[in-house]
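Analysis of the macromolecular model
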Amino acid sequence: MNARARLTALPDRSVGRSGAPTVLYVHFHGPAGEHLGEETYDGLLALLAEVSPVVQAVPPDAALVEVRGATRYFGQEPAGLAALVRVRALARYGADCTVGIAGNPMLARMAAQDGPPGAVRTLPADPAAVTAFLAGKPAAALYGVGPATARTLSTYGLGTVGRIAAAPLPALQRILGPAAGRRLHERAHGIDPTPVTPEARARSAAAEHRFERDELDADRRRRALLALADGLGGRLRESGQVARGLTLTVRYADGSSTTRSRTFAEPTAHTPALTAAAYALHDALGLQRARVRAVALRAEGLGDAGSAAHQLSFDPADEKARRIEAAVDRARARFGPGAVGPAAALGKWRAA
């Protein structure tokens, strides 16, 4: 029996486990390692839509694409479509990409994880191949498993995906709770029922800081977050926008990442509010021993500042902070964005 016949003969449960490898996770890399701008990212999403109409944005620099129909239309395998995307991205925007191809979004992300620019990695639909691919990976490599959860699992001897997959479902549910335990059990077996959902990208603004070396020092990470929040706030106020929420993405030395979000009580572009939210998201992750490669902030749900409601404050400190913020914005508009900035972000004093 040839390989194509073997795949066709697989039972239905294996298709539910990983499906045919027609999901692409495309991670774009800006020219010379630069951060992708909003306009470039929008252009790259449009480029993907030329290949398949089923494109889901994963800001700030990635997307999921379902190419089941596109393979028939173009007469190419998913790897061939990935190569086509790469050539077009390089030609039009000078942006390279890493592509993971698998049967569901989680496996496609993991296939692309930590891949160099230009790499196209395909994970076959064969259950044995999926099991072998997952077995030796650390628990934190699974989507949704952050450092705190990974540490909890390690205390029970469940430090790898293979060990998690071998653990009984009731044991995982006792450790993490019924819902979280079931999700972890499914993901450890390569199961991800989440579809690729085409949708318009919510307007956002993002900024990322890559450390020169994997960073263990929480104070340095907080200083980086302060600088990112300060820059985002300035950009929002300059463009007359406010954000309804903030998302923090932490990328680790092993290529995995954790993303957490927080919604504001009211839309804001106020730097102290952005900074406080960034600190709270960071501290909640419990990254005491994590080796962090990069941190990124994304202001979500952007809207017009003029139409946003603002609760009046009678706090003199808040009013003073907003007056100082306005003065800083005027100085930056006149002398450039680097003219004024928080001293803590430059390491002159420790962040509070």
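A short tour of the structure in this document, coming up.

The rules behind the values
Residues numbered from 1 in each chain as written. Predicted model: local features only at pLDDT ≥ 70, side-chain atom pairs only at ≥ 80, totals over all residues. Heavy atoms only, no water. Axes fitted to C-alpha atoms, helices over the stretch in contact; angles between N-to-C directions. Helix = DSSP H or I, 4+ residues; strand = E, 2+ residues; numbered from the N terminus. Parallel < 35°, antiparallel > 145°, perpendicular 65-115°, else oblique. Left-handed = near helix turned anticlockwise from the far one by under 90°. Contact = heavy atoms within 4.5 Å. Nonpolar A, V, L, I, M, F, W, Y, C, P; charged D, E, K, R; others polar. Pairing = 2+ DSSP bridges. Expected span 1.5 Å × (residues − 1). Buried < 20%, exposed > 50% of the residue type's maximum accessible area, 1.4 Å probe, protein only. Arc of directions from axis to C-beta. Salt bridge = Lys/Arg side-chain N within 4 Å of Asp/Glu carboxyl O. Phe/Tyr/Trp six-rings, centres within 6.5 Å; stacked < 30°, edge-to-face > 60°. Lys NZ or Arg CZ within 6 Å of the ring centre and 35° of its normal. Core = buried A, V, L, I, M, F, W, Y, C linked by side-chain atoms within 4.5 Å.

1. A closer look at the packing of helix 6 (residues 105–112) against helix 7 (residues 127–135)
- Contact geometry of helix 6 with helix 7 gives a least axis separation of 12 Å together with a crossing angle of 55°. Looking at the two axes, helix 6 sits oblique to helix 7. Where helix 6 crosses over helix 7, the handedness of that crossing is left-handed. Residue-level inspection shows Leu-107, Met-110 and Ala-111 of helix 6 in contact with helix 7, the latter providing Val-130, Phe-133 and Leu-134.
- Of the residues in the contact of helix 6 with helix 7, the class split is six nonpolar, no polar and no charged.

2. Quick notes on the sheet that holds strand 3 (residues 62–66)
- Taken in spatial order, the five strands line up as 2-3-1-4-5 in an open sheet, and their pairing is mixed. Of all the strands in the sheet, just strand 2 (55–58) and strand 5 (120–122) have a single pairing partner and so form its edges. Across the sheet, the mean angle from the axis of one strand to that of its neighbour is 15°, orientation sign disregarded.
- Each of strand 1 (23–29), strand 4 (96–102) and strand 5 touches helix 5 (residues 78–93); the most contacted strand, strand 4, lies at about 165° to it.

3. Considering helix 13 (residues 271–284)
- For helix 13, built from 14 residues, the straight-helix expectation of 20 Å at 1.5 Å per residue is met to within 8% by its first-to-last C-alpha distance of 20 Å.
- Taken residue by residue, helix 13 has Thr-271, Leu-274, Thr-275, Ala-277, Ala-278, Tyr-279, Leu-281 and His-282 as its buried positions.
- With its phi angle positive at about 60°, Gly-286 sits one or two positions after the end of helix 13.

4. Observations concerning the environment of Ser-257
- Inspection of the secondary structure assignment puts Ser-257 in strand 8 (residues 257–268).
- Considered as a pair, Ser-257 and Ala-294 are 37 residues apart in the sequence and their alpha carbons are 9.3 Å apart.
- With sequence-adjacent residues up to four places away left out, Ser-257 is seen in contact with Thr-249, Val-250, Arg-251 and Tyr-252.

5. With respect to helix 10 (residues 169–176)
- Of the residues making up helix 10, those classed as buried are Leu-169, Ala-171 and Leu-172. Each buried residue of helix 10 lies within a common arc of 160° when the element is viewed along its axis, so the set occupies one face.
- Of the surrounding secondary structure, the elements contacted by the buried residues of helix 10 are helix 9 (161–166) and helix 11 (178–188).
- Positive backbone phi, at 105°, marks Gly-177, one or two positions downstream of helix 10.

6. Thoughts on the pairing of strand 1
- For strand 1, a buried count of seven out of seven residues is recorded, marking the element as mostly surrounded by other parts of the structure.
- Pairing analysis gives five bridges linking strand 1 to strand 3, with the strands arranged antiparallel. When the sheet's bridge partners are listed, Val-26 is paired in strand 3 with Ala-63.
- Sheet topology places strand 1 next to strand 4; seven bridges connect them, and they run antiparallel.

7. Quick word on the pattern of salt bridges
- Tallying each qualifying case throughout the model produces 13 salt bridges.
- For the salt bridge of Glu-215 with Arg-220, the shortest nitrogen-to-oxygen distance reads 3.7 Å.
- According to the relative accessible area criterion, Arg-220 is partly exposed, its value standing at 39%.
- A network of salt bridges, in which partner residues are shared, links Asp-61, Glu-208, Arg-210 and Arg-251.

8. With respect to the packing of helix 3 (residues 38–51) against helix 5
- Between helix 3 and helix 5, the shortest axis-to-axis distance is 10 Å and the interhelical angle comes to 145°. For the pair helix 3 and helix 5, the sense of crossing is right-handed. Within the contact between the two elements, helix 3 uses Thr-40, Gly-43, Leu-44, Leu-47, Leu-48, Glu-50 and Val-51 and helix 5 uses Leu-81, Leu-84, Val-85, Arg-88, Ala-89, Arg-92 and Tyr-93.
- Here the residues of the contact of helix 3 with helix 5 are counted per class, giving nine nonpolar, two polar and three charged.

9. A word on the packing of aromatic side chains
- Scanning the entire structure with this criterion turns up one aromatic pair.
- On the numbers, 5.1 Å between centres and 80° between planes, the contact of Tyr-73 with Phe-74 is edge-to-face.
- A relative accessible area of 70% means that Tyr-73 is categorised as exposed.
- The exposure class of Phe-74 is partly exposed, given its relative accessible area of 26%.
- The lysine or arginine in question, Arg-109, covers the ring of Tyr-143, its NZ or CZ lying 4.7 Å from the ring centre.
- Above the plane of the ring of Phe-133 lies Lys-137, whose end atom (NZ or CZ) is 4.6 Å from the centre.

10. Describing the environment of Ala-207
- Here Ala-207 lies in strand 6 (residues 204–215).
- Assessed through its relative accessible area of 14%, Ala-207 is described here as buried.
- Taking the C-alpha atoms as reference points, Ala-207 and Leu-225, separated by 18 residues in sequence, lie 9.6 Å from one another.

11. Considering the side chain of Gln-56
- When you line up the elements, Gln-56 lands in strand 2.
- For Gln-56, a relative accessible area of 17% gives the class buried.
- Not counting chain neighbours up to four residues away, the residues in contact with Gln-56 comprise Ala-63, Leu-64, Pro-195, Val-196, Thr-197 and Glu-199.

12. Focus on the nonpolar core
- Judged by nonpolar contacts, the single largest core of 31 residues is most densely connected at Leu-236, Leu-246, Val-250, Val-292, Val-295 and Leu-297.
- Only strand 6, helix 12 (218–238), strand 7 (241–252), helix 13 and strand 9 (292–300) provide two or more residues apiece to this core.
- Here the element with the most residues in this core is helix 12; it accounts for seven residues.
- Not counting chain neighbours up to four residues away, the residues in contact with Val-250 comprise Ser-256, Ser-257, Thr-258, Leu-285, Leu-287, Val-292, Ala-294 and Val-295.

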